[in-house]
Amino acid sequence: EVMDTGLEMVNGKAIWDSHNIISLGIASDGRLHLAYDMHAHDLRYATTPVGRATGSDWHVFNPERDSLNSNSAGLTRVTYPRFINNGDDMLMTFRERGSGNGDIELVRYDSSAALPHRWVDENGNTSSDLTQTIISGAGTYINPIDGSTSTTRNAYLNGLDVDQGGRIHMTW
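Residues numbered from 1 in each chain as written. Predicted model: local features only at pLDDT ≥ 70, side-chain atom pairs only at ≥ 80, totals over all residues. Heavy atoms only, no water.

Quick question: what am I supposed to make of the overall build of the protein chain here?
Along the protein chain, the regular secondary structure elements total 0 helices and 12 strands. For the protein chain, the succession of helices and strands along the chain, N to C, is β-β-β-β-β-β-β-β-β-β-β-β. Residues classed as buried in the protein chain amount to 40% of the 172 residues present. Once local pairs closer than 6 in sequence are excluded, the contacts in the protein chain between residues at least 24 apart make up 45%. (Helix = DSSP H or I, 4+ residues; strand = E, 2+ residues; numbered from the N terminus. Buried < 20%, exposed > 50% of the residue type's maximum accessible area, 1.4 Å probe, protein only. Contact = heavy atoms within 4.5 Å.)

How do you make sense of the sheet that holds strand 1 (residues 22-26) when you look at a structure like this?
Within a sheet, neighbouring strands are paired by backbone hydrogen bonds and run either parallel or antiparallel to one another. Pairing is antiparallel across the open sheet formed by 3 strands, whose spatial order is 1-2-3. Since the sheet does not close on itself, it has two edges, and those belong to strand 1 and strand 3 (45-47), each with one partner. Neighbour-to-neighbour, the strand axes of the sheet open up by a mean angle of 15°, direction not taken into account. Where strand 1 lies against strand 2 (residues 32-36), 5 bridges are found, and the strand directions are antiparallel. Looking at strand 2, one finds that Ser23 is bridged to Ala35. (Pairing = 2+ DSSP bridges. Axes fitted to C-alpha atoms, helices over the stretch in contact; angles between N-to-C directions.)

What is the right way to read the pairing of strand 5 (residues 89-96) from this model?
The side chains of a regular strand alternate between the sheet's two faces. With respect to burial, strand 5 is a largely interior element, 7 of its 8 residues being buried. Pairing geometry for strand 4 (residues 78-86) and strand 5, over 7 bridges, is antiparallel. Paired with Asn86 across the two strands is Asp89, which belongs to strand 5. Between strand 4 and strand 5, which follow one another and run antiparallel, lie 2 residues, and Gly87 among them has a positive phi close to 65°.

What am I meant to see in the packing of aromatic side chains here?
Ring pairs (aromatic) are described by centroid distance and by the angle formed between their planes. For the structure shown, the criterion picks out 3 aromatic pairs. Taken together, a centroid distance of 5.9 Å and an interplanar angle of 65° make the contact between Tyr80 and Tyr156 edge-to-face. With Tyr80 in strand 4 and Tyr156 in the loop between strand 10 (149-150) and strand 11 (159-162), the pair connects residues that are 76 residues apart, well separated along the chain. Taking 5.2 Å as the distance between ring centres and 65° as the angle between the ring planes, the aromatic pair formed by Tyr109 and Trp119 counts as edge-to-face. Of this pair, Tyr109 sits in strand 6 (residues 103-109) while Trp119 sits in strand 7 (residues 119-120), placing them 10 residues apart in sequence. By the ring-pair criterion, three or more aromatic residues cluster together here, those being Tyr45, Tyr109 and Trp119. (Phe/Tyr/Trp six-rings, centres within 6.5 Å; stacked < 30°, edge-to-face > 60°.)

What should I look at first to understand the pattern of salt bridges in this one?
Once their charged atoms are close, side chains differing in charge can pair, the charge on each being opposite to the other. One pass over the full model with this rule turns up 4 salt bridges. A salt bridge links Asp29 to Arg118; the nearest nitrogen and oxygen atoms lie 3.0 Å apart. With Asp29 in the loop between strand 1 and strand 2 and Arg118 in the loop between strand 6 and strand 7, this pair connects stretches of sequence that are 89 residues apart. Each member of the pair, Asp29 as well as Arg118, carries the same accessibility label: buried. The partner of Asp89 in a salt bridge is Arg108, and the shortest N-O contact between them spans 2.8 Å. Placement of Asp89 in strand 5 and of Arg108 in strand 6 is noted, with a sequence separation of 19 residues between them. Using a relative accessible area of 23% as the deciding quantity, one classes Arg108 as partly exposed. (Salt bridge = Lys/Arg side-chain N within 4 Å of Asp/Glu carboxyl O.)

Where do I start with the pairing of strand 11 in this structure?
By the alternation rule, side chains of strand 11 split into Leu160 and Val162, which are all buried, and Gly159 and Asp161, of which none is buried. Two elements, strand 11 and strand 12 (residues 168-171), share 4 bridges in a ladder whose sense is antiparallel. Counted as the bridge partner of Asp161 is His169 from strand 12. Here strand 11 hands over to strand 12 after 5 residues, with Gly166 in that stretch at a positive phi of 90°.

Below is the structure:
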């Protein structure tokens, strides 16, 4: 089925490259989540009302925003968003900043939390800073062969899965 979200997903660019993907998540409360068209730019994120995924009317999205919760800080320099379900919760990962200096961030969506603050940090708080760095690009690498150093690098997350016990497995 083809659906018009009513959202402008080209961000003024003539073409997309492989970074400007659309990621769709469906939370256990039936809310659809879209993150799209970012390559180290502000978060482009939209949701539907609760229960929309279980109905036939998917095309009603709330306005686009650059933050996860209404009280959280806007996210900047976002690339590679992805959603994955973890029991009744949903996880979102993304790279913050650009190639060579990026961190992989994780945030959790709590379907049982009170509206409008459903995204929570690792301690279940709805503070303004919701992300947790799970792979850092910080530090200095010293080449053991020639002694040269580098302070620019970052991991590229390949896969992310959650097992039946809730343990996160990832490769990069």
